[in-house]
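Letter by letter, the chains look like this.
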Amino acid sequence: MTVETFNREIEEALKTYDRYIICIDKTPDQCAASLRSLMEKAIKAYETRGPNLRHGIALDRQITIILSQADGERPLCGIYFNLHSPYQKKATAKPAAED
């Protein structure tokens with residue numbers, strides 16, 4: 001299994017990224033490079049997973065790739081964009097309760 005095994009999924013993700021995703025951190029070319037790098041990591045995680053595990057996962061701040069065991073030889077592939085707004089307020093820590 002190689003990155004090329006999932007070229008169709010990568011191409012679809014890149015089309016979606018180019019059309020819908022605004023990301024200050026990555027250009028479309030950087031996104032393509034990240035997808036290929038993360039796919040290599042997901043494949044390695046999938047191929048070296050434990051006997052009772054069904055997934056190989058790789059992620060960075062913007063992208064998550066999950067390879068899931070399927071009935072056939074080829075695993076299912078999910079590519080997700082981790083949506084984030086730079087305007088989102090950060091959660092504040094709650095003060096400890098006093099007794």
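Reading guide: rules and limits
- Residues numbered from 1 in each chain as written.
- Predicted model: local features only at pLDDT ≥ 70, side-chain atom pairs only at ≥ 80, totals over all residues.
- Heavy atoms only, no water.
- Phe/Tyr/Trp six-rings, centres within 6.5 Å; stacked < 30°, edge-to-face > 60°.
- Helix = DSSP H or I, 4+ residues; strand = E, 2+ residues; numbered from the N terminus.
- Lys NZ or Arg CZ within 6 Å of the ring centre and 35° of its normal.
- Buried < 20%, exposed > 50% of the residue type's maximum accessible area, 1.4 Å probe, protein only.
- Pairing = 2+ DSSP bridges.
- Core = buried A, V, L, I, M, F, W, Y, C linked by side-chain atoms within 4.5 Å.
- Contact = heavy atoms within 4.5 Å.

Enquirer: Where do I start with the packing of aromatic side chains in this structure?
Expert: Aromatic ring pairs are described here by two measures, namely the spacing of the ring centres and the angle between the planes. Overall, the coordinates contain 1 aromatic pair when judged by the stated rule. Aromatic side chains Tyr17 and Phe81 sit 5.7 Å apart centroid to centroid with 40 degrees between the ring planes, which places their arrangement in the tilted category. On the criterion of sequence distance, the pair formed by Tyr17 in helix α1 (residues 7–20) and Phe81 in strand β3 (residues 76–81) is long-range, its members being 64 residues apart. Its guanidinium or amino end placed over the ring of Tyr46, Arg49 lies 3.9 Å from that ring's centre, counting from NZ or CZ.

Enquirer: I'm lost on the pairing of strand β2 (residues 63–68) in this one. Help?
Expert: The side chains of a regular strand alternate, first on one face of the sheet and then on the other. Most of β2 sits inside the fold, with 5 of its 6 residues counted as buried. Examined bridge by bridge, β2 and β3 share 6 bridges and lie antiparallel to one another. Across the sheet, residue Ile63 finds its bridge partner in β3, namely Phe81.

Enquirer: How should the nonpolar core be read in this particular structure?
Expert: If you look at soluble globular proteins, the nonpolar side chains tend to sit buried side by side. If you look at the biggest cluster of nonpolar residues, it comprises 19 residues, and the most contacted ones within it are Leu35, Met39, Ile63, Ile65 and Ile79. Secondary-structure elements contributing two or more residues to this core are α1, α2 (28–47), β2 and β3. If you tally residues by element for this core, the top one is α2, at 7 residues. Excluding anything up to four places from it in sequence, Ile65 contacts Leu35, Leu38, Met39, Ala42, Gly56, Ile57, Ala58, Gly78 and Ile79.

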